[in-house]
Amino acid sequence: MKTARDYIDSLRERKIKVYIKGELIDSDKVIDHPFIKGHVNAASMTYSMANSPKYEDLMTVKSHLTGKKINRFTHIHQSTEDLLNKVKMLRTISQQTGTCYQRCVGFDAMNTTYSVTYDMDQKLGTDYHERFKKFLLYVQENDLMVAGAMTDPKGDRSLRPSQQADPDMFVHVVEKNDKGIVIRGAKAHMTGMVNSHEMLIMPTMGMKEDDADYAVCCALPVDAPGVLHIFGRQTNDDRKMEGDIDQGNAKFGIVGGESLTILNDVFVPWERVFMCGEYQFSGLLVERFACYHRQNYGGCKGGVSDVVIGAAALMADFSGYGKAGHIKEKLNEMIHLTETLYACSLACSCQGTATASGAYFVDPLLANVGKHNVTKLIYDIDRLAQDIGGGIIATMPSESDLKHPEIGQYVDKYLRGVASVPTEDRMRIGRLIENMTGGTALVESMHGAGSPQAQKVMYSKLANLEQKKEFAAHLAGVHLNKNEVK
Ligand code: SF4
Ligand code: FE
């Protein structure tokens, strides 16, 4: 297994092309850029915690391929216990980072591709599963970080991929030869992409026969020829060019660091291609990936919310109203909401089942309901944190004012709450609340792992409304004739 240091050193060896605010960054300096450094620190926690005896049981596991000890982020779930441990691991890491550590997307993409390639081979006689196992072995042996690359830009949402005015709105195969394929297009909102080693490309939705060129799943290095990344902006990101107080969480940043990844005629050898034209399986792949990633959110956002609750409680203490009854009530409500999120992630893991490949899969209904809760309850949790934190979290002067030789004394004097608590500590906690409950963080809870409507479509399909009608009719003594109501 790699240490955090090995991980960071290995990133420097890449010849990755990253643009930030219109500027091409030297490839060996990408991970030192103030916009990216925090995300690297957060991802490196998935390495350092795996190497710590304290977290070893949660963060490491025996590979089902080799029997060797591996980082759980490269593992294929072999039991419901593995699924549960994944959720517990995510909550534990989030409590340390207070933000996204990005490695789950590739983890979920690998578990998905493992089981779907098995199903494809059974049905179609292809050999994708064996190819994928070789790639997985390479990832496990080198303890790599893989970016899961699903979301395409999608262009006009009312049109299918092959109907778009611009055919590149979805990643597609533009050439096949005896050595491999050439792909073109882009992937959007790519969490952790710029600090990963590899990317695993997947189709973004179920394809039809006309869209067969868009049914493509393959792996390639993030610095493969023809690949470039345009790093996305975040709320308050220019504060990263200043001191650390105003950032709130200066060490790990806020959310995952997303990029728009451009694939300009990128060659992928056949041994790294795991779907090429089998459009019938693209929908299954998307659904499985979505469920695995939705499983996570009560774990990762549960841990992030633990930090938000702690910050709100500290802000109340530092300001002198920590013992007020209404504050306790609000903190209790935040706890209740957080544990509700966590419970759904645990539940969908307990109810997991084995796929034909042997890999375990979550209960899809509960996973979707859990993620859908996140799109609402995080807003409630963060609203309460802002309520407790007070207007000061949005209006306070900057770190430069606090440290100013003339006016610093006024900031120190007038921003103090309880006399024994340094003003700087109160400002730091206020900034943490501001940044953890603001713009980019909230939008990520809404749209990360799919927008609310995507979850609604899945849980309404899975919930079996007709059966519920039958339960009611039976109890009420009503004999349902299916043709009665049109
Ligand atoms: Fe993992 Fe959560 Fe980040 Fe998704 S948002 S990659 S589940 S930490
Ligand atoms: Fe996410």
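Our subject is the structure listed above.
This is a predicted model, so every value here is computed, not measured. (Residues numbered from 1 in each chain as written. Chains lettered and ligands numbered in written order. Predicted model: local features only at pLDDT ≥ 70, side-chain atom pairs only at ≥ 80, totals over all residues. Heavy atoms only, no water.)

Novice: How should I be thinking about the site of ligand 1 in this particular structure?
Specialist: Around ligand 1, the neighbouring residues are Cys100, Tyr101, Gln102, Cys104, Val105, His293, Asn296, Tyr297, Cys300, Lys301 and Glu444. At the level of elements, α5 (104–124) and α7 (282–319) are the ones that each hand at least two residues to the shell around ligand 1. Ranked by the residues each element gives to the shell around ligand 1, the list is headed by α7, at five residues. Tallied by class, residues from the shell around ligand 1 come to six nonpolar, three polar and two charged. (Near = heavy atom within 4 Å. Helix = DSSP H or I, 4+ residues; strand = E, 2+ residues; numbered from the N terminus. Nonpolar A, V, L, I, M, F, W, Y, C, P; charged D, E, K, R; others polar.)

Novice: Before we go on, may I ask you to explain the nonpolar core in this structure?
Specialist: As a rule of thumb, nonpolar side chains are buried together in soluble globular proteins. Among the nonpolar cores identified, the biggest contains 69 residues, and Ile36, Ile183, Met199, Leu200, Ile201, Leu220 and Leu263 are the most heavily contacted of them. With six residues, α5 is the single largest residue contributor to this core. In contact with Met199, not counting residues within four places along its chain, are Val146, Ala147, Met193, Cys218, Ala219, Leu220, Pro221, Val222, Val227, His229, Thr261 and Leu263. By size, the runner-up hydrophobic cluster in this structure holds 33 residues, among which are Val304, Ile309, Ala312 and Met334. (Core = buried A, V, L, I, M, F, W, Y, C linked by side-chain atoms within 4.5 Å. Buried < 20%, exposed > 50% of the residue type's maximum accessible area, 1.4 Å probe, protein only. Contact = heavy atoms within 4.5 Å.)

Novice: Please clarify how the environment of Asp380 should be interpreted in this entry.
Specialist: Along the chain, Asp380 turns up in helix α9 (residues 364–389). You can call Asp380 partly exposed: its relative accessible area is 27%. Considered as a pair, Asp380 and Gly256 are 124 residues apart in the sequence and their alpha carbons are 21 Å apart.

Novice: Just to check I follow, could you spell out the packing of helix α2 (residues 34–48) against helix α4 (residues 80–97) for this structure?
Specialist: Helix-helix packing: each pair is described by the crossing angle between the helix axes and the interaxial distance. Two elements in contact, α2 and α4, have axes whose closest approach is 10 Å; the angle formed by their N-to-C orientations is 135°. The angle between α2 and α4 places the two elements in the oblique class. As α2 packs across α4, the resulting crossing turns out to be right-handed. Together, Ala42, Met45 and Thr46 of α2 and Ile93, Gln96 and Thr97 of α4 make up the contact between the two elements. (Axes fitted to C-alpha atoms, helices over the stretch in contact; angles between N-to-C directions. Parallel < 35°, antiparallel > 145°, perpendicular 65-115°, else oblique. Left-handed = near helix turned anticlockwise from the far one by under 90°.)

Novice: I'm lost on unusual backbone geometry in this one. Help?
Specialist: Glycine aside, residues mostly have negative phi, and peptide bonds are mostly found in the trans state. The backbone phi angle of Lys154 is positive, close to 75°, even though this residue is not glycine. With respect to the helices and strands, Lys154 occurs in the loop between β5 (146–149) and β6 (172–176). Even without glycine at this site, Asp265 takes up a positive phi of about 50°. Position of Asp265 relative to the elements: it lies in strand β11 (residues 258–269). Classification of Asp265 by relative accessible area gives partly exposed; the value is 40%.

Novice: Explain the sheet that holds strand β12 (residues 273–276) to me, please; I cannot follow it from the model alone.
Specialist: As a general point, the strands of a sheet are linked pairwise by backbone hydrogen bonds and lie either parallel or antiparallel. With respect to topology, four strands assemble into an open sheet ordered β5-β8-β9-β12, the strand pairing being mixed. Each having just a single partner strand, β5 and β12 make up the two edges of the open sheet. The average undirected angle you get between the axes of adjacent strands in this sheet is 20°. In terms of strand pairing, β5 meets strand β8 (residues 198–201) through four bridges, oriented parallel. Bridge pairing in β8 places Val146 opposite Glu198. Those strands touched by helix α6 (residues 128–142) are β5, β8, β9 (216–221) and β12, and its axis lies near 145° from that of β12. (Pairing = 2+ DSSP bridges.)

Novice: Would you mind showing me how to read the coordination of the iron ion (ligand 2) here?
Specialist: A metal bound by six donors in octahedral fashion has ideal angles of 90 or 180 degrees, whereas one bound by four tetrahedral donors has an ideal angle of 109.5 degrees. Summarising the metal site, the iron ion (ligand 2) is bound by the protein donors Tyr297 (OH) and Glu444 (OE), whose distances to it range over 2.2 Å. On the criterion of sequence distance, the pair formed by Tyr297 in helix α7 and Glu444 in helix α14 (residues 439–447) is long-range, its members being 147 residues apart. Glu444 shares its class with Tyr297; the two are buried. (Donors = N, O, S within 2.8 Å, 3.2 Å for Na, K, Ca; no water.)

Novice: Looking at this structure, how should I read the packing of aromatic side chains?
Specialist: Note on aromatic pairs: each is described by the distance of the centres and the angle between the planes. In total, this model carries seven aromatic pairs according to the counting rule given. Look at Phe132 and Phe274: their rings are 5.1 Å apart centre to centre, the planes differ by 90°, and that puts the pair in the edge-to-face class. Of this pair, Phe132 sits in helix α6 while Phe274 is found in strand β12, placing the two residues 142 residues apart along the sequence. A residue is classified by how much of its surface remains accessible, and Phe132, at 0% relative accessible area, is buried. Taken together, a centroid distance of 5.9 Å and an interplanar angle of 45° make the contact between Phe135 and Phe274 tilted. A residue pair is termed long-range when its members are at least 10 positions apart, and Phe135 in helix α6 and Phe274 in strand β12 qualify at 139 residues. For the pair Phe135 and Phe274, a shared accessibility class is recorded, and that class is buried. Counting every residue linked through ring pairs, the aromatic cluster contains Phe132, Phe135 and Phe274. Sitting over the ring of Tyr297, Lys301 keeps its end group 4.6 Å from the ring centre. Directly above the ring of Tyr297 sits Lys371, whose terminal nitrogen or CZ lies 5.4 Å from the centroid. (Phe/Tyr/Trp six-rings, centres within 6.5 Å; stacked < 30°, edge-to-face > 60°. Lys NZ or Arg CZ within 6 Å of the ring centre and 35° of its normal.)

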